[in-house]
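Below are the chains, spelled out letter by letter.
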Amino acid sequence: MVLAPSSMTKRMKKNKQPLQITKDLGRWKPTDDLLLINAVLQTTDLTFRNAGTLCCMTPSYQSELAWQSMRQLHPEAIAAIQSKALFSQAEEALLAKITSSSQPKLEVFQDLLNKHPNVFYPSRTAKNLMVHWQLLKQYYLLEDQSVQPLPKGEQVLNFSDAEQVVDDAKLKDSRDEVLEHELMIADRHQKREIRQLEQELPRWQVLVDSITGMNSPDFDNQTLAALRGRMVRYLMRSREITLGRATKDKQIDVDLSLEGPAWKISRKQGIIKLKNNGDFFIANEGRRPIYIDGRPVLSGNKWKLNNNSVMEIAGLRFVFLINQELISLIKAEAAKMNQA
């Protein structure tokens, strides 16, 4: 079989295309150098002079080229890389002093940055500190917080629940305080490791957003509030919504089974309402209690929801976020109606 020269040249062009696409894979970039330097600065006490970090790994002419490439990066790219630096223990110790019952604003975190410039990383902003403080509050790592046990009620025991009850009965006879203290410390270490892993997830999210061009939107003019969990986020776009566990016979507004195991949650666990004065309240209509910032709300009672309030239902935790701009407009309109 004889091929024409034109067909052979077309095949050669088709074979060369994948090589051009994968040509830049595995190449070390200036952004990788900047990420490496920030990581070493955050995790060690080494002092850096000139191109010390790159000189120990590459020849001198390569390190000079790397520093020139890093200087040519866009300021927004440098700020995005520096904002992903991990928090140190000294920074978390200062943030943990802010009480969980308070509702701090950005001014509080800005004052903290101004008072302790040597402790915080230079690229920290008040908004970054506020987001990290919310994570500490969600995982009960503030100084005035303690780890709450999972609520227990009347339900059909399975094998794991029965085994847990038997172990608890044995521990009541001979209580080992040293063992309990060590278990508590190990539990806190595990939570810190989980939180550090969750902090690294946004780095991969930036890569996904740059490829797909998608990003999580902020509040729009129709969303009153949002209930954010670890897996999903529920948007509240009406003044009253019901939350619980959806079944084939009964549908509700917020199905908590999408977040995790919700077989302990009632079909209609609670109702979140927005009052005319702009305040949010949650009413417990299920059998199990609802914990708001560590305080139990029993069946038949209601409690006020603030911005960044932590809601816990049968082991599932959510953060309640309020659209402050839209609620302020609603309050202003209500005040005009009262004056008229």
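Details of the structure are given in the entry above.
Reading the values: rules and limits
- Residues numbered from 1 in each chain as written.
- Predicted model: local features only at pLDDT ≥ 70, side-chain atom pairs only at ≥ 80, totals over all residues.
- Heavy atoms only, no water.
- Buried < 20%, exposed > 50% of the residue type's maximum accessible area, 1.4 Å probe, protein only.
- Helix = DSSP H or I, 4+ residues; strand = E, 2+ residues; numbered from the N terminus.
- Pairing = 2+ DSSP bridges.
- Core = buried A, V, L, I, M, F, W, Y, C linked by side-chain atoms within 4.5 Å.
- Contact = heavy atoms within 4.5 Å.
- Axes fitted to C-alpha atoms, helices over the stretch in contact; angles between N-to-C directions.
- Parallel < 35°, antiparallel > 145°, perpendicular 65-115°, else oblique.
- Nonpolar A, V, L, I, M, F, W, Y, C, P; charged D, E, K, R; others polar.
- Salt bridge = Lys/Arg side-chain N within 4 Å of Asp/Glu carboxyl O.

**Q** Give a detailed account of the pairing of strand S6 (residues 280–284), specifying residues and quantitative values.
**A** Alternating residues of S6 divide into Phe280, Ile282 and Asn284, all buried, and Phe281 and Ala283, none buried. Note: strand S5 (residues 270–274) against S6, five bridges, orientation antiparallel. Bridging from a neighbouring strand, isoleucine 272 pairs with isoleucine 282 of S6. Connecting S5 to the antiparallel partner S6 that follows it, the hairpin turn spans five residues, and glycine 278 within it adopts a positive phi of roughly 95°.

**Q** Describe the nonpolar core, naming the residues involved and giving the relevant values.
**A** Grouped together as the largest cluster of nonpolar side chains are 28 residues, with contacts concentrated most on Leu256, Ile272, Phe280, Leu305, Met311 and Phe320. Among the elements that line this core, the one with the most residues is strand S11 (residues 316–322), at four residues. For isoleucine 272, the residues in contact, after removing those within four places along its chain, are Met236, Arg239, Glu240, Ile241, Leu243, Phe280, Phe281, Ile282, Leu305, Met311 and Phe320. Core analysis: the next-biggest nonpolar cluster, separate from the first, contains 17 residues, Ala126, Leu129, Met130 and Tyr139 among them.

**Q** Tell me about the sheet that holds strand S2 (residues 233–236), and please be specific about residues and values.
**A** Taken in spatial order, the six strands line up as S2-S1-S11-S10-S7-S8 in an open sheet, and their pairing is antiparallel. Taken across any chain shown, the strands that pair with only one partner, and hence form the sheet edges, are S2 and strand S8 (295–297). Mean inter-strand twist for the sheet, computed between neighbouring axes without regard to direction, equals 25°.

**Q** Tell me what's going on with the environment of lysine 268, and back it up with residues and numbers.
**A** Mapped onto the elements, lysine 268 comes out in the loop between strand S4 (254–255) and S5. Not counting chain neighbours up to four residues away, the residues in contact with lysine 268 comprise Thr242, Leu243, Lys250, Glu285 and Gly286.

**Q** Could you give an account of the packing of helix H7 (residues 106–115) against helix H8 (residues 126–138), naming the residues involved and the relevant values?
**A** Contact geometry of H7 with H8 gives a least axis separation of 8 Å together with a crossing angle of 110°. In terms of their interaxial angle, H7 and H8 are classed as roughly perpendicular. From H7, Leu106, Phe109, Gln110 and Leu113 reach across to H8, where they touch Ala126, Lys127, Leu129, Met130 and Trp133. Classifying every residue of the contact of H7 with H8 by side-chain character gives seven nonpolar, one polar and one charged.

**Q** Explain the pattern of salt bridges to me, and be specific about the residues and the numbers.
**A** For the structure shown, the criterion picks out nine salt bridges. With its nearest N and O atoms 3.8 Å apart, the salt bridge here joins glutamate 312 to arginine 317. Neither glutamate 312 nor arginine 317 differs from the other in exposure class; each is buried. Among the charged side chains, a network of salt bridges with common partners joins Glu92, Arg192 and Arg195.

**Q** Describe the pairing of S2, naming the residues involved and giving the relevant values.
**A** Alternating positions in S2 separate cleanly, Tyr234 and Met236 being buried on one face and Arg233 and Leu235 remaining unburied on the opposite face. Of the strand pairs in this sheet, strand S1 (residues 225–228) and S2 are connected by four bridges, and their pairing is antiparallel. Bridge pairing in S2 places arginine 228 opposite arginine 233. Here S1 hands over to S2 after four residues, the two strands then running antiparallel side by side.

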